[in-house]
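One letter stands for each residue in the lines below.
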Amino acid sequence: MDRKVTVAKSAGFCFGVERAVDQVYEQIEAVKNKKASGPIYTYGPIIHNEEVVRDLSDKGVMVLETEDELRALPRNQGTVIIRSHGVSRHVYEILKERNVAVVDATCPFVKKIHRIVAEHSAAGEAVVIIGSPDHPEVEGIKGWGNEHTTVIMDGEGVDNYRLPEGRKLCIVSQTTFNYNKFKELVEKFLKKGYDSSVLNTICNATQERQVEAARIASQVDAMIVIGGRHSSNTQKLYEICLKECKDTFYIQTLGDLDPDSVSSVRSVGITAGASTPRKIIEEVHTRMAEQSFAELLKEEEESTKPIRTGEIVTGQVIEVNKDE
C-alpha cells in the first residue's frame, strides 16, 4: 500500500517557546563557563513537554512550582527563568525582594496582553480574559488586572457575567485559545450591549496552526496530533482535528503510538503543539513512512512467494498452450 504522509508546516515549537527553551540552554552554558551564577530555576516547567523538562533536569535545572518556593529562595543567589507563559505582576515583586537574577523569557505576544490589561484596568475598565482559568498564561494575565478582571471560557460564563455599573468593558484572549470559539463568545458579549472594546490577542501562529491542522485532517484517513498532555494548545488542536477526522490520535512521543491503529490507512496527517520538539515530529514522520515501505515489501514478498512441489495454491489461469 502506497501511503501518503503529510506533516503540517506549522507543527512544533512556536517563536515564543523556542526562544524560552534557547534561553534556558544559554543560561546553562553561561553558568558552566562561570559567566552567570547558579543554581538555575524555572518558575514552572519551561514548556509543557516532559522530554524537554527531563533533559533540562538532567543538566541541573530545577523547577519551582509555587510562590512559596520563590519566597524560600536564598537571597542574592541563583537565576530564575520566567517561562514563555509569563507571570503576574507580584511574582516580579517577589523575585526583586529575593534579589535573584531574572531571565524573562515571557513571549512578547503575552507581554503585550499584560500591558493591555494593566492599562485598561488603570483606566477604570473591567477586563474579561477569554481563556482557560487554570492555564498559567491566563493566571499570569489576570495578575496584571484588578478586582474587576474576570476569566471566561464558555457561553455559560458569558450568560452569567454582569458588567459593574458605570464601567466600560475590555475583552482579550489567551494566545492559544480556539479562534472560532473566541469569535462565538465575543458575539454573545456584543449582544449584551455593553460599551466594550474587543482585542483579538490570539497569536497568529496559533491561528495558522489550527487552520492548517483542520485542513489536513479533513483530507486524510488518520490524523496524529503530537504534544504534552498538559499542553493547552495541543489539546485544542486535537479537538479541532477530531471534528474533521474521526481517527485522530493524541500522542506525546512515538512510543505512545499503536502502529496497528494506522496500519491500513492510505493517508496520514501529522501536526504538533507549540511545545513539541522537531525531533519527536521527525521520529513519528519517519515511522509512518517506514511502515508504509515495510508494507510494500511485505506485499511484494507475498506476491513472489515460491511454490514448492506438492503445495496446493489458488491462482488464476492466464494462458494455456500444448506444453503447459
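Refer to the preceding data block for the structure.
Thresholds, definitions, all that
- Residues numbered from 1 in each chain as written.
- Predicted model: local features only at pLDDT ≥ 70, side-chain atom pairs only at ≥ 80, totals over all residues.
- Heavy atoms only, no water.
- Buried < 20%, exposed > 50% of the residue type's maximum accessible area, 1.4 Å probe, protein only.
- Helix = DSSP H or I, 4+ residues; strand = E, 2+ residues; numbered from the N terminus.
- Pairing = 2+ DSSP bridges.
- Salt bridge = Lys/Arg side-chain N within 4 Å of Asp/Glu carboxyl O.
- Axes fitted to C-alpha atoms, helices over the stretch in contact; angles between N-to-C directions.
- Contact = heavy atoms within 4.5 Å.
- Parallel < 35°, antiparallel > 145°, perpendicular 65-115°, else oblique.
- Left-handed = near helix turned anticlockwise from the far one by under 90°.
- Nonpolar A, V, L, I, M, F, W, Y, C, P; charged D, E, K, R; others polar.
- Phe/Tyr/Trp six-rings, centres within 6.5 Å; stacked < 30°, edge-to-face > 60°.
- Core = buried A, V, L, I, M, F, W, Y, C linked by side-chain atoms within 4.5 Å.
- 1 Å grid on protein atoms, 1.4 Å probe; cavity = no way out; pocket = protein on both sides within 12 Å on 5 of 7 lines; lining within 4 Å.
- Points joined across faces, edges and corners; volume = space filled by probe spheres on them.
- Polar contact = N/O pair within 3.5 Å; in protein donor to acceptor, adjacent residues only side chain to side chain.

A. Local environment of the pairing of strand S12 (residues 267-272). For S12, the buried fraction is high: six of the six residues fall into the buried class. Judged by which residues are buried, S12 turns out to be covered on both faces: Ser267, Gly269 and Thr271 on one side and Val268, Ile270 and Ala272 on the other are all buried. Sheet topology places strand S10 (residues 222-226) next to S12; five bridges connect them, and they run parallel. The residue of S12 that forms the bridge with Val225 is Thr271.

B. Seen up close, the pattern of salt bridges. Under the defined criterion, the tally for this structure stands at 11 salt bridges. Residue Asp247 pairs with Lys246 through a salt bridge whose shortest N-O separation is 3.5 Å. The class for Asp247 is partly exposed, based on a relative accessible area of 31%. A network of salt bridges, in which partner residues are shared, links Glu67, Asp68 and Arg71.

C. Region of the structure containing the sheet that holds strand S4 (residues 79-82). Strand order in this open sheet of four strands is S3-S2-S4-S5, and the pairing throughout is parallel. Strands with a single pairing partner mark the edges of an open sheet, and in this sheet they are strand S3 (62-64) and strand S5 (101-104). Across the sheet, the mean angle from the axis of one strand to that of its neighbour is 30°, orientation sign disregarded. Summarising the sheet, S4 and S5 pair through four bridges and their orientation is parallel. In the sheet register, Ile82 faces S5, and the bridge partner there is Asp104. Sitting on the sheet, helix H4 (residues 89-98) is in contact with strand S2 (40-43), S4 and S5, with an inclination near 170° to S4.

D. Main features of the packing of helix H9 (residues 204-217) against helix H10 (residues 232-244). With their axes 8 Å apart at the nearest point, H9 and H10 run at an angle of 30° to one another. Judged by the angle between their axes, H9 and H10 are roughly parallel. With respect to the hand of their crossing, H9 and H10 are arranged in right-handed fashion. Along its contact with H9, which presents Arg209, Gln210, Ala213, Ala214 and Ala217, the element H10 presents Lys236, Leu237, Ile240, Cys241 and Glu244. The residue makeup of the contact of H9 with H10, split by class, is six nonpolar, one polar and three charged.

E. Summary view of the packing of aromatic side chains. On inspection of all chains with the given rule, the structure shows four aromatic pairs. Seen from their ring centres, Tyr92 and Trp144 are 6.1 Å apart, and the 65° between their planes marks the pair as edge-to-face. With Tyr92 in helix H4 and Trp144 in the loop between helix H6 (136-142) and strand S7 (149-152), this residue pair connects regions lying 52 residues apart in the sequence. Here Tyr92 falls in the partly exposed class, since its relative accessible area comes to 22%. When the centroid spacing of 6.3 Å and the interplanar angle of 75° are considered together, the rings of Tyr161 and Tyr194 count as edge-to-face.

F. Molecular detail of the nonpolar core. If you look at the biggest cluster of nonpolar residues, it comprises 26 residues, and the most contacted ones within it are Met223, Ile224, Ile226, Ile270, Val284 and Met288. If you list the elements that add at least two residues to this core, you get H9, S10, H10, S12 and helix H11 (278-303). For this core, the element with the highest residue contribution is S10, accounting for five residues. Those residues in contact with Ile226 that sit more than four places away from it in its chain are Thr234, Ile251, Gln252, Ile270, Thr271, Ala272, Gly273, Thr276, Ile280, Ile281 and Val284. Formed by 16 residues, the second largest nonpolar core is a distinct cluster that contains Val17, Ala20, Ile40 and Val61.

G. Quick look at the layout of surface pockets. Within this model, the largest pocket holds a volume of roughly 550 Å³. Asn178, Lys181, Lys236, Glu239 and Ile240 are, among the 23 residues lining the largest pocket, the residues nearest its centre. Secondary-structure elements contributing two or more residues to the lining of the largest pocket are helix H8 (179-190), H9 and H10. In terms of residue count, the dominant contributor to the lining of the largest pocket is H10 (seven residues).

H. A look at the environment of Val80. Note that Val80 resides in strand S4. For Val80, a relative accessible area of 1% gives the class buried. Sequence separation between Val80 and Gly143 is 63 residues, and the spatial gap between their C-alpha atoms is 19 Å. Every residue in contact with Val80, bar those within four places of it in the chain, is listed here: Tyr41, Tyr43, Leu70, Leu73, Leu95, Val100, Ala101, Val102 and Val103.

I. Spatial organisation of the side chain of Asn49. One can find Asn49 in the loop between S2 and helix H2 (50-58). A distance of 3.1 Å separates a polar atom in the side chain of Asn49 from the backbone nitrogen of Glu51. Polar contacts involving the side chain of Asn49 include one to the main-chain amide nitrogen of Val52, which spans 3.1 Å. If we skip the residues at most four places from it in the chain, Asn49 touches Ser275, Thr276, Pro277 and Ile280.

Purely geometric stuff here, so don't read any function into it on its own.
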